[in-house]
Amino acid sequence: MPTIEHEKTFSYPLELKLEVHNRNVTVVYGQRDGIKVGHILTAVNGIRVSNTQLDDQRDAMQVLSDPANFPISLKFARPRLTTNEKIFQASMFYPLYMMACQLSPEPRSSGIEVLTADTFRMQCLQTLTGIKFMVVADHQQGPLNALLHRIYELYADYALKNPFYSLEMPIRCELFDEHLKTALDAAAKNSGLNTA
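Everything quoted here is computed from the prediction, not taken from an experiment.

## Considerations on unusual backbone geometry
Then comes step 1: With an omega dihedral of 0 degrees, the bond running from Y12 to P13 counts as a cis peptide bond.
Then comes step 2: In this fold, P13 is placed in the loop between β1 (5-10) and β2 (17-21).
Then comes step 3: Cis geometry is adopted by the peptide bond preceding P71, which originates at F70 and carries an omega value of 0 degrees.
Then comes step 4: Within the secondary structure, P71 is located in the loop between α1 (60-65) and β7 (72-77).
Then comes step 5: Positive phi values are uncommon outside glycine, yet R23 reaches one of about 65 degrees.
Then comes step 6: Its location among the elements puts R23 in the loop between β2 and β3 (24-29).
Then comes step 7: Positive phi, close to 55 degrees, is recorded for N51, a residue that is not glycine.
Then comes step 8: Inspection of the secondary structure puts N51 in the loop between β5 (47-50) and β6 (53-54).

Calculation criteria
- Residues numbered from 1 in each chain as written.
- Predicted model: local features only at pLDDT ≥ 70, side-chain atom pairs only at ≥ 80, totals over all residues.
- Heavy atoms only, no water.
- Helix = DSSP H or I, 4+ residues; strand = E, 2+ residues; numbered from the N terminus.

Set out below in structure tokens:
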């Protein structure tokens, strides 16, 4: 899913309330021009912010508390999901998938294949062996069937043939990662979107 960033110039006092959550400077109150609660600070006056520190080693919260630094340009984005959050979201999908299979008026329904929201689209491919592959993409991106099938091929070629891989465990294989990145870049290029 592409990273969408919002950059705005602010005057003192800052009309957004920012606090440190999960080691990031996070918007906890106020919204403006696409900047929403939960977004994290990614840059101050063009200087990248990592956690709570600018690349020039200054503390972001101290910079924001000093009226002499205003007007100030701030860039915000949605926080990236951690591996545990991704696993949690994937595990939430399975019960919904099974409920859709059971509640569907169609006999032998394949469950949820596409879930579309206002900011993203999630598409699922269930293989004949029951393994599910999910892709979360921009809601404007075209069909993802070819990408899902390509990911399935990569999984079969690089994960299942790896003697050190165990089913239902995270895939730790450089060749799989490299080929997956190539497949994602090709899909993004074909759709005109960027991968982040």
